[in-house]
Amino acid sequence: MADLLLRNARPWGADTTTDLYIRDGVVAPPDEAPEGVATEDLGGKLLLPGFVDAHAHVDKTMWGGPWLPHTSGPGLMGKIMGGVERRAEAGIPSADYITALLTNMIVSGTTHVRSHVDIDPYQGLAAVAAVREAVERLDGRITMETVAFPQTGLLISPGTAELMDQGLAEGVDLVGGIDPAGLENDPVRHLDTVFGLAEKHGVGVDIHLHDRGDMGIWQYKLILERTRALGLGGKVTISHGYCLGEAAPAVQDQIIAQLAETGVGLATVAPSISLPLVKLREAGVPVGAGNDGVRDLWSPYGTGDMLERALFLAQRAGFVRDEEIEIALEAATYGGARLTGRSHGFAPGDTGDFVAVDTRNAAEAVCVRPVRSLVIKGGRIVAREGELV
Ligand SMILES: [Zn+2]
């Protein structure tokens, strides 16, 4: 937490430049900045809220390591087992690789990450420890919340629920789940276990839902039901949730209304089936964006850059107008902040996390993806011109 006065900043949405003062890590009125406080002149550069990566898997990354060709078999199970079997060969989980990826995220403007972390009987809590070590090495330049993620299933992979319970007791921040019907074949028991752990540890929930069609929509309803019953509104995220994007308009409207009313948000990684982003925004449902896995045994793609992810999101949604492209950037900033319980923005009390770029407006920032001129975490300059400070 630091104090910093930004002069001549052009906040996203404003036509003119202004000064912005960050005190004790949060935005404060600029006229309260004391004489001699650390000052940075942005010279009219565009200022965006710090990017939030709301769906990452940093524990799986091989960033900075040797290039390993992708060999996983087809389908979800092929990828799951491919990701487990080659861990030793890939040298993951690795605190070095995770540190390297997080560094790339920081210089790209990301200030907060929600990462799912694999917990399974094959590696126990090793990935949790590796992520924790990497975050410590970066010494406050980025904040992280972890999700206890049963990648190999928690019913079909016995012992996983107990390990997740232990991880949560040792400080993992949220409880995860995965395809309660499609992978686990028992959505009621899967969700009861996940929500039971959430209740026991007083934590939020973030569930991977790849299941498509009516089976996927049914699981939206089961998650909404449990969220309501436990009063967990504002603390539950459905990740991916593709089926909403391909549902009939009337079904979309019904589910979106319930998401808004219950306080369940969505995290998307810009898949080929777009979520109905405009409708979700109009209904006030928080939608965050994330990079998903970056250069891992699931996929060789990705860089960790949230402007790149916003670009993919906009392109796949068919967005071309500035105000549409800004919806994608909102997911990478305000949306992720809402999902993770943070207040990003330019008003007093908002988190002092910002990114300055040399573009004329937010849409141009997404399309051009310029070098990030300045990245600020809680009032501290953590990257300058693409280099870690
Ligand atoms: Zn994921």
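Residues numbered from 1 in each chain as written. Predicted model: local features only at pLDDT ≥ 70, side-chain atom pairs only at ≥ 80, totals over all residues. Heavy atoms only, no water.

This brings us to the overall build of the protein. Summing up its helical and strand segments, the protein has 13 helices and 17 strands in all. Taken against the 2.2 N^0.38 rule, which gives 21 Å for 389 residues, the C-alpha radius of gyration of the protein at 20 Å falls within 12% of a compact globule. When the backbone C-alpha atoms are referred to their principal axes, the protein occupies close to 60 × 50 × 40 Å. Contacts in the protein between residues at least 24 apart in sequence constitute 74% of all its contacts with a sequence separation of at least 6. Of the accessible surface of the protein, which amounts to about 14,700 Å², a share of 51% is contributed by carbon and sulfur atoms. (Helix = DSSP H or I, 4+ residues; strand = E, 2+ residues; numbered from the N terminus. Rg over C-alpha atoms; globule rule 2.2 N^0.38 Å. Contact = heavy atoms within 4.5 Å. Areas by Shrake-Rupley, 256 points an atom, 1.4 Å probe, with all protein chains shown as cover.)

The next thing to look at is the coordination of the zinc ion. Bound to the zinc ion are the protein donor atoms H55 (NE2), H57 (NE2) and H208 (NE2), situated 2.1 Å from the metal. Here the donor residues of the zinc ion share one chain and are spaced in sequence as H-x1-H-x150-H. With H57 in the loop between β6 (51–56) and α1 (75–85) and H208 in strand β10 (residues 204–209), this pair connects stretches of sequence that are 151 residues apart. As far as burial versus exposure is concerned, H57 and H208 are alike and both buried. (Donors = N, O, S within 2.8 Å, 3.2 Å for Na, K, Ca; no water. Buried < 20%, exposed > 50% of the residue type's maximum accessible area, 1.4 Å probe, protein only.)

Strand order across the open sheet formed by eight strands is β6-β7-β8-β9-β10-β11-β12-β13, with parallel pairing between neighbours. Looking at strand neighbours, the two that pair on one side only are β6 and β13 (287–289), the edges of this open sheet. Shown here is a sheet whose adjacent strand axes are inclined to one another by a mean of 25 degrees, direction ignored. Direction of pairing for strand β8 (residues 143–149) relative to strand β9 (residues 174–178): parallel, over a ladder of two bridges. Bridge pairing in β9 places A148 opposite V175. Where helix α5 (residues 160–169) meets the sheet, it contacts β8 and β9, and its direction lies at approximately 155 degrees from that of β9. (Pairing = 2+ DSSP bridges. Axes fitted to C-alpha atoms, helices over the stretch in contact; angles between N-to-C directions.)

This part covers the nonpolar core. Counting 89 residues, the largest nonpolar core has L102, Y220, L259 and L329 as its most contacted members. Ignoring any residue separated from it by four or fewer positions in sequence, one finds L329 in contact with W12, L48, F51, L307, A310, A362 and V366. Within the second largest apolar cluster, 13 residues are counted, among which are L4, L20, L47 and I376. (Core = buried A, V, L, I, M, F, W, Y, C linked by side-chain atoms within 4.5 Å.)

A word on empty space enclosed by the protein. A full pass over the atoms with the stated rule returns three cavities of 30 Å³ or more. Considering only enclosed or pocket space, the largest cavity measures out at about 100 Å³ in volume. Every residue lining the largest cavity is counted, 13 residues in all, and those nearest its centre are K60, G83, R87, I92 and D118. Tallying contributions element by element places α1 first for the lining of the largest cavity, with three residues. Residue classes in the lining of the largest cavity are distributed as six nonpolar, three polar and four charged. (1 Å grid on protein atoms, 1.4 Å probe; cavity = no way out; pocket = protein on both sides within 12 Å on 5 of 7 lines; lining within 4 Å. Points joined across faces, edges and corners; volume = space filled by probe spheres on them. Nonpolar A, V, L, I, M, F, W, Y, C, P; charged D, E, K, R; others polar.)

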